[in-house]
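# Analysis of the macromolecular model
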Amino acid sequence: MLNLKRIERLLAENNINPKTVPYGALLHAAAALKSTVHPSEPEWSREELLDALHSKKPLFAMQSVKIDPQEFVRVFEALRTAAVDAMPSMAEKLEGMPGAQDFFTQERLDALCANPEAIWEMLEKDGVDVEAATELFVPVAIFALRVFFDDAASRASDALDRLEPDTVHFERSLKCPVCGATAAVGAVQSTQNRGNIKRLYCTCCGAHWRFERIRCALCGDEAVSDLQYVHLQGDDKHRLHVCANCGGAMPTIFGVDEDNFDPNLEHWRCGELMAAYADMQSEQQKPAGNA
Ligand SMILES: [Zn+2]
Ligand SMILES: [Zn+2]
């Protein structure tokens, strides 16, 4: 959850100065902006929650928050300013990008609230360089949506958890059961009476959900022989769950205690590991790993 005090504490503990690090600036500004917005929040029925839990349809595709375009543009621009203030050269990354006012119409915001990944089609339709948009425009847009989604997603995650029967097996959702986006990061947490459990986290809306421990979060493969964890020497807290079936690598954090865990921050901290793994792959070397 985007809680300003908590984010400030975690940024400080991780030596990330939001005044000089653009990603820290976005996260900090998003948490600060959350108290300034007032999206209307949906109430989902038990049936809708069950459908989402069982991967039939994400909750936001059934009922989502409603965002006022003016309020959204204000948040988008505040986030963009925070990133550029942290690193002025970031401004170049917005060259050729659409203006927020023109891009985020009510119609488009309604579509994004139902399916945030629709942003890619919108960019393509407007002839925007999609690759260049991933540098700053899309991250700012996703953080802006998060500001409006966060409370609803947090409530939804709690409601989904309450529905989850501990004993009955069903396949967990690969996509976020709340907004439908791809999970950003997994976390393994030890619990008092249920042993180690794994959760996936969506950094688009802020939701989290239970997931099988031995299963690829990207393709759903459950073959033990296809899956392994790799990590850098000296840091076994941040690992990649790599899958031979799809070639994917899901950042996964071990030994998580909830008070000191922020999925955005940990995902970002896995960047070095992801780059190292990509290098190793391209060199065709086998990384040091444990199954
Ligand atoms: Zn989500
Ligand atoms: Zn896979």
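Computed from a prediction, not measured in an experiment: that's the story for all the values here. (Residues numbered from 1 in each chain as written. Chains lettered and ligands numbered in written order. Predicted model: local features only at pLDDT ≥ 70, side-chain atom pairs only at ≥ 80, totals over all residues.)

Moving on to the overall build of the chain. Along the chain, the regular secondary structure elements total 12 helices and 7 strands. Against the compact-globule benchmark of 19 Å for 291 residues, the chain has a radius of gyration of 19 Å, which places it among compact chains. If you line up the chain on its principal axes, its C-alpha atoms span 50 × 45 × 40 Å. The 291 residues of the chain split such that 39% are buried. Relative to all contacts within the chain whose residues are 6 or more apart in sequence, the contacts with residues 24 or more apart total 67%. (Helix = DSSP H or I, 4+ residues; strand = E, 2+ residues; numbered from the N terminus. Rg over C-alpha atoms; globule rule 2.2 N^0.38 Å. Buried ≥ 20, exposed ≤ 12 C-beta atoms within 10 Å, placed from the backbone. Contact = placed C-beta atoms within 7 Å.)

Direction vectors running N to C along helix 5 (residues 69–86) and helix 10 (residues 137–163) enclose 130°, while the axes themselves pass 9 Å from each other. Taken together, helix 5 and helix 10 sit at an angle that is classed as oblique. Where helix 5 crosses over helix 10, the handedness of that crossing is right-handed. Between helix 5, through Phe72, Val75, Phe76, Leu79, Arg80 and Ala83, and helix 10, the contact on the second element is made entirely by Val140, Ala141, Phe143, Ala144 and Val147. A per-class count over the contact of helix 5 with helix 10 returns 10 nonpolar, no polar and 1 charged. (Axes fitted to C-alpha atoms, helices over the stretch in contact; angles between N-to-C directions. Parallel < 35°, antiparallel > 145°, perpendicular 65-115°, else oblique. Left-handed = near helix turned anticlockwise from the far one by under 90°. Nonpolar A, V, L, I, M, F, W, Y, C, P; charged D, E, K, R; others polar.)

In this model, helix 2 (residues 22–34) (13 residues) spans 18 Å end to end at C-alpha, consistent with the 18 Å of a helix rising 1.5 Å per residue. The element helix 2 is extensively covered by neighbouring structure, given that 12 of its 13 residues are classed as buried. All of the buried residues along helix 2 are Pro22, Tyr23, Gly24, Ala25, Leu26, Leu27, His28, Ala29, Ala30, Ala31, Leu33 and Lys34. On its buried face, helix 2 is in contact with helix 1 (4–13), helix 5, helix 10 and helix 11 (263–269). (Expected span 1.5 Å × (residues − 1).)

Judged from the 7 bridges that link them, strand 1 (residues 185–191) and strand 2 (residues 195–201) form a sheet pairing that is antiparallel. Within strand 2, the residue paired with valine 185 across the bridge is tyrosine 201. Count of turn residues in the strand 1/strand 2 antiparallel hairpin: 3 residues. Here 3 bridges tie strand 1 to strand 6 (residues 249–254), and the two strands are oriented parallel to one another. Considered in strand 6, the bridge of glycine 186 is made with threonine 252. (Pairing = 2+ DSSP bridges.)

Among the nonpolar cores identified, the biggest contains 78 residues, and Leu26, Leu79, Val178, Cys179 and Cys202 are the most heavily contacted of them. In terms of residue count, helix 10 provides more of this core than any other element does, 14 residues in total. In contact with valine 178, not counting residues within four places along its chain, are Ala52, Pro58, Leu59, Phe60, Ala153, Ala156, Ser157, Cys202, Cys205 and Ala207. (Core = buried A, V, L, I, M, F, W, Y, C linked by C-beta atoms within 7 Å.)

This next bit is on unusual backbone geometry. Non-glycine residue asparagine 15 carries a positive phi angle of around 55°. By the secondary structure assignment, asparagine 15 is in the loop between helix 1 and helix 2. Residues other than glycine seldom take positive phi values, yet serine 55 does so here, at roughly 65°. Its place among the elements puts serine 55 in the loop between helix 3 (46–53) and helix 4 (59–62). The exposure class assigned to serine 55 is partly exposed, which follows from the 14 C-beta atoms found within 10 Å.

With that out of the way, let us pick up helix 1. For helix 1, the set of buried residues is Ile7, Leu10 and Leu11. Down the axis of helix 1, the sector holding all buried residues measures 100°, keeping them to one side. Within helix 1, the exposed residues directed more than 90 degrees away from the buried face are Lys5, Ala12 and Glu13. Just downstream of helix 1 lies asparagine 15, where phi reads positive at about 55°. (Arc of directions from axis to C-beta.)

On to the environment of cysteine 243, then. Examined against the element boundaries, cysteine 243 turns out to sit in strand 5 (residues 235–243). Between the C-alpha atom of cysteine 243 and that of serine 225, which follows or precedes it by 18 residues, the distance is 9.1 Å.

Once that is clear, we can look at the environment of glutamine 192. In this structure, glutamine 192 sits in the loop between strand 1 and strand 2. With 80 residues separating them along the chain, glutamine 192 and leucine 112 place their C-alpha atoms 39 Å apart.

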